[in-house]
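Residues per chain, in single letters:
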Amino acid sequence: MKSLSRWPDGRRAAAFHGIAFAVLSAAIFPAVAPDLHPTLGSNAESVLAFHAAHRLPFLIANYLGVVAMLPGLVKVAYLAARFRQAEEKGGWLWILVLASGIFALAIGTADLMTFQTIPFLAKPGLEVGAKVLSDLASSGFALFLVAEAGFTFAIVWATIATRALPRWVAWVGIPVGGVALIGSLGSVWTPGVLAGGGVISCIGLGAFLVWFAGIDLVFLGFLNASETSVEAVHDV
C-alpha cells in the first residue's frame, strides 16, 4: 500500500508547462481557419493555393508547435515521476509512459519539420516538390496519431493500475486513443474526411490536446484531484 497524498515536487510547474504545450500545439487551428491543410493525395494546385493564402501564419504556427515540445517534455517527465511514485519497486509502467511520450513528441516534431518546409516550395515551377512534401507531411500526421494513441493508452494503463490519477483520465483516454487510431487510417485510405491530414486527423489531435490539458487541471487541484489524495492499492 502506498500513500499518494504527496505529489512529486514541481506539480504546479508541470501543470503550467502542460497548458503551454496544449496552447502552442493548438495554434495551427486558428492560424489557418477556416481552411485545413491539403490532405494526403491532394493535387499540387490546392497545395500552392493554400500556402499562398496562409504562408506566414502557417509557418509561425508550425514553429510554435515545435516550441511546444519543450514544455511537453516537462509534463511527460512529471507524469512518469507520478506513476513511478505510485508503483511498487520494480514497476515499469512509468517507463512505458515516459518512453511513449518522448516517442510521440519526437514523431510530432519530425512531421512539423516536414510541414515547415512546404511553403518554401509552394511556388510556380516547384509544384512537384511541394506536393511530394505535402503528401509526406499529411501521411506523417496520420501516422503520428499511432504514436499519440500509444502514449494515450500508456497513461490509461498506468492510471488504472496505480490510481495515481483520477479514474476519468483513463475512461476518457480510451475513446481519445480510439479516435486517434481511426485517424491514423488516413495514411492508408484517403477518401473524404478520413484522408491523412484532414478532418479526422485534426479531431484526433484536438481531442488529445483537450484530454491531455485536463490532466493539468488535476495537477492544479481541479477535476476530481481528490481521488488521488487517498491511499491507493494496485496489483503488480
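Read on for an overview of the structure.

1. Side note on the overall build of the protein
Along the protein, the regular secondary structure elements total 8 helices and 2 strands. When the helices and strands of the protein are read in sequence order from the N terminus, they spell out β-α-α-α-α-α-α-α-α-β. For a compact globule of 236 residues, the expected C-alpha radius of gyration is about 18 Å, and the protein comes in at 19 Å, within 12% of that figure. Evaluated residue by residue, the protein yields a buried proportion of 49% over its 236 residues. The long-range fraction of contacts in the protein, counting pairs at least 24 apart against all pairs at least 6 apart in sequence, stands at 79%. The average position of the 13 basic charges and that of the 13 acidic charges among the side chains of the protein differ by 9 Å.

2. Focus: the packing of helix 4 (residues 69–86) against helix 8 (residues 199–219)
Relative to each other, helix 4 and helix 8 sit at 60°, their axes nearing to 12 Å. Classified by the interaxial angle, the pair formed by helix 4 and helix 8 is oblique. As for the relative orientation of helix 4 and helix 8, their crossing is left-handed in sense. Contacts between helix 4 and helix 8 involve Lys75, Tyr78 and Leu79 from the former and Phe212, Ala213, Ile215, Asp216 and Phe219 from the latter. When the residues that make up the contact of helix 4 with helix 8 are grouped by side-chain class, the tally is 6 nonpolar, no polar and 2 charged.

3. Here's the deal with the nonpolar core
Most often, soluble globular proteins keep nonpolar side chains buried together rather than apart. Counting 58 residues, the largest nonpolar core has Leu79, Ile155 and Leu165 as the members making the most contacts within it. Among the elements of the structure, helix 1 (11–25), helix 2 (28–32), helix 3 (44–67), helix 4, helix 5 (93–117), helix 6 (127–162), helix 7 (167–184) and helix 8 are those that each provide at least two residues to this core. Excluding anything up to four places from it in sequence, Leu79 contacts Val97, Phe151, Ile155, Leu165, Phe212, Ile215 and Phe219.

4. Remarks on the side chain of Ser42
Tracing the chain through its elements places Ser42 in the loop between helix 2 and helix 3. A polar side-chain atom of Ser42 sits 2.9 Å from the main-chain carbonyl oxygen of Thr39. Leaving out residues up to four positions away in the same chain, Ser42 has contacts with Lys131 and Asp135.

5. Regarding unusual backbone geometry
In this model, Ala33 is joined to Pro34 through a cis peptide bond whose omega is 5°. The backbone of Arg163 shows a phi angle near 55°, a positive value even though the residue is not glycine.

6. Some remarks on the side chain of Glu87
Structurally, the position occupied by Glu87 is in the loop between helix 4 and helix 5. Buried Glu87, no salt bridge; nearest opposite-charge side chain is Arg84, N-O distance 7.8 Å. From its side chain, Glu87 meets the backbone nitrogen of Trp94 in a polar contact 3.1 Å long.

7. Brief notes about the environment of Gly204
By the element assignment, Gly204 lies in helix 8. A sequence separation of 28 residues divides Gly204 from Val176, and the C-alpha atoms of the two residues are 7.2 Å apart. In this view, Gly204 contacts Leu145, Glu148 and Val179; residues no more than four positions away in its chain are not counted.

8. With respect to the pattern of salt bridges
A side chain with one charge may pair with a side chain of the opposite charge, provided their charged atoms come close. Here the structure, examined in full by the defined rule, presents 3 salt bridges. For Arg6, the salt bridge is made with Asp9, and the minimal N-O distance between the two is 3.1 Å. Across this residue pair, the class does not change: Arg6 and Asp9 are exposed. Across the salt bridge formed by Asp135 and Lys131, the nearest N and O atoms sit 2.8 Å from each other. Highlighted residues: Asp135 and Lys131, both in helix 6, separated by 4 residues, approximately one helical turn.

9. Considerations on the packing of aromatic side chains
Applying the stated criterion to the full structure yields 11 aromatic pairs. Here the aromatic rings of Tyr78 and Phe219 are separated by 5.1 Å at their centres, their planes lie at 70°, and the arrangement is edge-to-face. In this pair, Tyr78 sits in helix 4 while Phe219 sits in helix 8, placing the two residues 141 residues apart along the sequence. Comparing Tyr78 with Phe219, the two get one shared label, buried. Taken together, a centroid distance of 5.5 Å and an interplanar angle of 70° make the contact between Phe151 and Phe212 edge-to-face.

Cut-off values and rules
Residues numbered from 1 in each chain as written. Predicted model: local features only at pLDDT ≥ 70, side-chain atom pairs only at ≥ 80, totals over all residues. Heavy atoms only, no water. Helix = DSSP H or I, 4+ residues; strand = E, 2+ residues; numbered from the N terminus. Rg over C-alpha atoms; globule rule 2.2 N^0.38 Å. Buried < 20%, exposed > 50% of the residue type's maximum accessible area, 1.4 Å probe, protein only. Contact = heavy atoms within 4.5 Å. Lys, Arg positive; Asp, Glu negative; His and termini not counted. Charge placed at Lys NZ, Arg CZ, Asp CG, Glu CD. Axes fitted to C-alpha atoms, helices over the stretch in contact; angles between N-to-C directions. Parallel < 35°, antiparallel > 145°, perpendicular 65-115°, else oblique. Left-handed = near helix turned anticlockwise from the far one by under 90°. Nonpolar A, V, L, I, M, F, W, Y, C, P; charged D, E, K, R; others polar. Core = buried A, V, L, I, M, F, W, Y, C linked by side-chain atoms within 4.5 Å. Polar contact = N/O pair within 3.5 Å; in protein donor to acceptor, adjacent residues only side chain to side chain. Salt bridge = Lys/Arg side-chain N within 4 Å of Asp/Glu carboxyl O. Phe/Tyr/Trp six-rings, centres within 6.5 Å; stacked < 30°, edge-to-face > 60°.

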